[in-house]
There are 4 protein chains.
Amino acid sequence: MANFQDIKQAAYENNMQLPKLGLVLFTFGNVSVADHAKGVFAIKPSGVPYDNLHPDHMVVVDFEGNIVEGDLRPSSDTKTHAVLYKHWENIGGIVHTHSTYATAWAQSQRDIPLYGTTHADHLTSDIPCAPPMADDMIKGNYEQETGFQILNYFKEKALDYQEVEMILVGNHAPFTWGKTAEKAVYNSAVLETIAHMALLTEQINPNAPRLKDALIKKHFERKHGPDAYYGQ
Amino acid sequence: MANFQDIKQAAYENNMQLPKLGLVLFTFGNVSVADHAKGVFAIKPSGVPYDNLHPDHMVVVDFEGNIVEGDLRPSSDTKTHAVLYKHWENIGGIVHTHSTYATAWAQSQRDIPLYGTTHADHLTSDIPCAPPMADDMIKGNYEQETGFQILNYFKEKALDYQEVEMILVGNHAPFTWGKTAEKAVYNSAVLETIAHMALLTEQINPNAPRLKDALIKKHFERKHGPDAYYGQ
Amino acid sequence: MANFQDIKQAAYENNMQLPKLGLVLFTFGNVSVADHAKGVFAIKPSGVPYDNLHPDHMVVVDFEGNIVEGDLRPSSDTKTHAVLYKHWENIGGIVHTHSTYATAWAQSQRDIPLYGTTHADHLTSDIPCAPPMADDMIKGNYEQETGFQILNYFKEKALDYQEVEMILVGNHAPFTWGKTAEKAVYNSAVLETIAHMALLTEQINPNAPRLKDALIKKHFERKHGPDAYYGQ
Amino acid sequence: MANFQDIKQAAYENNMQLPKLGLVLFTFGNVSVADHAKGVFAIKPSGVPYDNLHPDHMVVVDFEGNIVEGDLRPSSDTKTHAVLYKHWENIGGIVHTHSTYATAWAQSQRDIPLYGTTHADHLTSDIPCAPPMADDMIKGNYEQETGFQILNYFKEKALDYQEVEMILVGNHAPFTWGKTAEKAVYNSAVLETIAHMALLTEQINPNAPRLKDALIKKHFERKHGPDAYYGQ
């Protein structure tokens, strides 16, 4: 079997960012890193404290959810990651957390309204909240079905996973992704901040309007448009 | 008298986790560790700052609340611990804190509704809030009666202390427990996070529904059921 | 003039606790330590960052507010401290902060209701909020009048400064005191936590009742009564 | 071309204060330092993480927004800074952040009411929130127009930029400034605290009154009036 050292190392390093960024309590989160050429991803083992984590603990899994390398049981959310990698070929990393504010929005089953430019710098729509899954999906292959719930909600709302790199799963918690695991981790921290600010905005002004279209477009394009001028 | 070094050391180490996890201000909390074979537990001395704490300071007490070993006065909540150990033979550790969000729910005299999977991963019911005690219980052996208030509320609500490892005592603050003190400390941190998220959920959506039954069952069973697949 | 090294050292050490406890931003706070036998107190100089503070910077002032020793200008709140020391002979330290939650209650001009045992462990009444001062008091010797506003409010409400060691000055911020500066600093941190929990309690349950009398009495007496059994 | 080492060093040091003070996530903020004699300012490069920042990375720009020295692209907000320096000759530093509470007020499109002396110690008016910009301003030279939006709102409200050193740009986030960059950074932290306290005040008492005039005047003058007696 091949050498997956690079994705295991990357998965390790990005998992270690979650407690640093204040996004996880104990083991409530996981990061995976994919190698699409080899059809596999490396993911955190289930329930192992971050303090004890080592690159060699990472479990390598294929896009059907089968273990390819590793002595430990992979994260219980592994099949959700597998479904997303299988269908979205341009994502290189996925993050799942139970970060406080994003999870509270997921529990409240509301999309996060686009209230300001901090949000628009990252995506031009509300942050979607998929509804809780149907009972038969839950009773079946639950974590795999969670992946399909995400895919289906993106289709239903006509969202592009390369433009909207985050979702709340209703009653559960957020998933984020990106071209790289670094970007996916970045998105998790950004989501948590946007979720916090959005609640505060509604508390300060229950009638706060959504961001006007001209500002949505401007802020997104200066970071992501053809003439982007943010960053180096 | 016997050598209680193991439970004193364990009580010390677990007490030291409380300030690390942000669950206590000054001395507002205590952890105990039981040895059911010997019929005793070790508990933090009363009012000693965490910075000055040493394993030898731990006080060893029997399940009637009598001091067996130790030069210092034990935590003022000692008799509550004693009652719980005496009646619940399968718990090895108990934690009491005044952590901010859990205490606020206790002061509000409300159970914490089961709003999401973070909660369901740990227990399948609302987190119970025992009502404030009757005046004659308060005027009597108050801390012992607090233990009976907890026992009685579990009986009244038909809760199993091995499935629900936490309670709010109305107007007062939370108690948690577990097979080990490590688990009891873990439960205190989990409770604080669930308490925070539940308030935020109600602020984001005052009509947020409780978690649907299928999800409650699924999340609890994947961690605790016969086919549990969380952790190693 | 005498050697005030002991109160200067104590004032320095207790001032340094404020940023450690998260109670001050920049220089928004001050601690003083009194020597009633000599009729003086040592207080933080005005506007000096905590990082640069040294015991020798402390300014020694008498109970009329006159500088007795020191090269720097004392805290702008010095005359408030002087009035309290002059009239309340049993206090050895005073703390003033603009800590977030206590200040928000002061700005809202409400007493903090006694909602739980965390509060009752420290005092048996609501935490008083003195009304904003009359215009002529403000235009006059403002900081001295702030001291009288506190004294007068305690008289009006028949509060005992040895039982209630804290107050909110309406629209302004909290003052706390105690037999020692250590106790006064402790009270400032306790007040901030009680202020935070009280707001959360009202958010969780707008109809949360005040603590029942039996519990108020019990919790206060186990810490402060003739048969107190908290601490060593 | 001249040697701009002093303003580059100062810009670097003040930028590094933002993460220390908890005012920025990732790269969501920037500080600039002006040399009015030379007609230039040094500003953070765009999108460079604080951990990697070095004084030599700072970009020197003139008051029209043209790069004078530096290999990196300057902050995307550079033209906003340029407009303010060009028209307000007595400011030496500008700070832009997306700090959580100040940004939430900007998103809610409300001025922050003057509720207490913490606020009055720094300015005697509500903290202004400029309305979101007109669509043609947004589609045009957006960052430059943001500068004009600020200038125009100060004119419209007859505010003096030397007395009111902060503004919220509606739907966007805060800008602060001062005679020095140190003062501008200080103002950003003060603004965040005032924004937090003001929301809490309204939550504790929805009918909280604004600060009375006598107190506004007193607190501002003791820090800033001709007979100021705060600080050394």
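Remember, predicted model here, so these are calculated numbers, not experimental data.

**Q** Before we move on, could you go through the interface of chain A and chain D and cite the residues and values that matter?
**A** Many authors give the size of an interface as the accessible area that is lost as the parts come together. Facing 32 residues of chain A, the contacting portion of chain D comprises 36 residues. Both sides together, the interface formed by chain A and chain D hides about 3000 Å², and carbon and sulfur atoms give 58% of it. It is A:Met197, A:Ile204 and A:Gln232 in chain A that bury the most area against chain D; as a group they hold 22% of the surface buried on that side. Summed over the shared surface of chain A and chain D, the number is 3 salt bridges. In this structure, A:Arg222 and D:Glu143 form a salt bridge, with 2.5 Å as the shortest nitrogen-oxygen distance. Counting the contacts that link chain A with chain D gives 12 residue pairs in polar contact (both at pLDDT 80 or more). Of all the secondary structure elements, the ones that give two or more residues to the side of chain A that touches chain D are α4 (117–120), α7 (181–204) and α8 (213–224) of chain A. In terms of residue count, α7(A) provides more of the side of chain A that touches chain D than any other element does, 10 residues in total. For the side of chain A that touches chain D, the class distribution of residues is 16 nonpolar, 12 polar and 4 charged.

**Q** A description of the interface of chain A and chain B should follow, citing residues and the corresponding values.
**A** Taken together, the contacts link 36 residues of chain A with 32 residues of chain B. With both sides pooled, the region where chain A packs onto chain B buries about 3000 Å², and carbon together with sulfur makes up 58% of that total. Along the contact surface separating chain A from chain B lie 1 salt bridge. A:Asp135 is the salt-bridge partner of B:Lys212, the closest N and O atoms lying 3.1 Å from each other. The interface formed by chain A and chain B includes 11 residue pairs in polar contact (both at pLDDT 80 or more). Of all elements in the fold, only α3 (100–108), α5 (135–139), α6 (142–156) and α7 of chain A reach the threshold of two or more residues within the side of chain A that touches chain B. Element by element, the count of residues in the side of chain A that touches chain B is highest for α3(A), at 7 residues. Classifying every residue of the side of chain A that touches chain B by side-chain character gives 15 nonpolar, 15 polar and 6 charged.

**Q** Lay out the relation of the copies chain A and chain D in plain terms, naming residues and giving numbers.
**A** Two copies of the chain are present, and they differ by a rotation about an axis and a shift along that axis. Structural alignment of chain A on chain D gives an RMSD of 0.0 Å, achieved by rotating through 90° and translating 0.0 Å along the axis. The symmetry that links the two subunits is that of a four-fold axis. For chain A, the smallest separation between a C-alpha atom and the rotation axis is recorded for A:Gln203, amounting to 6.0 Å. Taken together, the interface assignments show that only 3% of the residues at the interface of chain A recur at the interface of chain D, consistent with different surfaces on the two copies.

Basis of the calculations
- Residues numbered from 1 in each chain as written.
- Chains lettered and ligands numbered in written order.
- Predicted model: local features only at pLDDT ≥ 70, side-chain atom pairs only at ≥ 80, totals over all residues.
- Heavy atoms only, no water.
- Contact = heavy atoms within 4.5 Å.
- Buried area = accessible area lost by both parts, 1.4 Å probe.
- Salt bridge = Lys/Arg side-chain N within 4 Å of Asp/Glu carboxyl O.
- Polar contact = N/O pair within 3.5 Å; in protein donor to acceptor, adjacent residues only side chain to side chain.
- Helix = DSSP H or I, 4+ residues; strand = E, 2+ residues; numbered from the N terminus.
- Nonpolar A, V, L, I, M, F, W, Y, C, P; charged D, E, K, R; others polar.
- Least-squares fit on C-alpha atoms with pLDDT ≥ 70 in both.

Worth remembering: the numbers are spatial, not functional.
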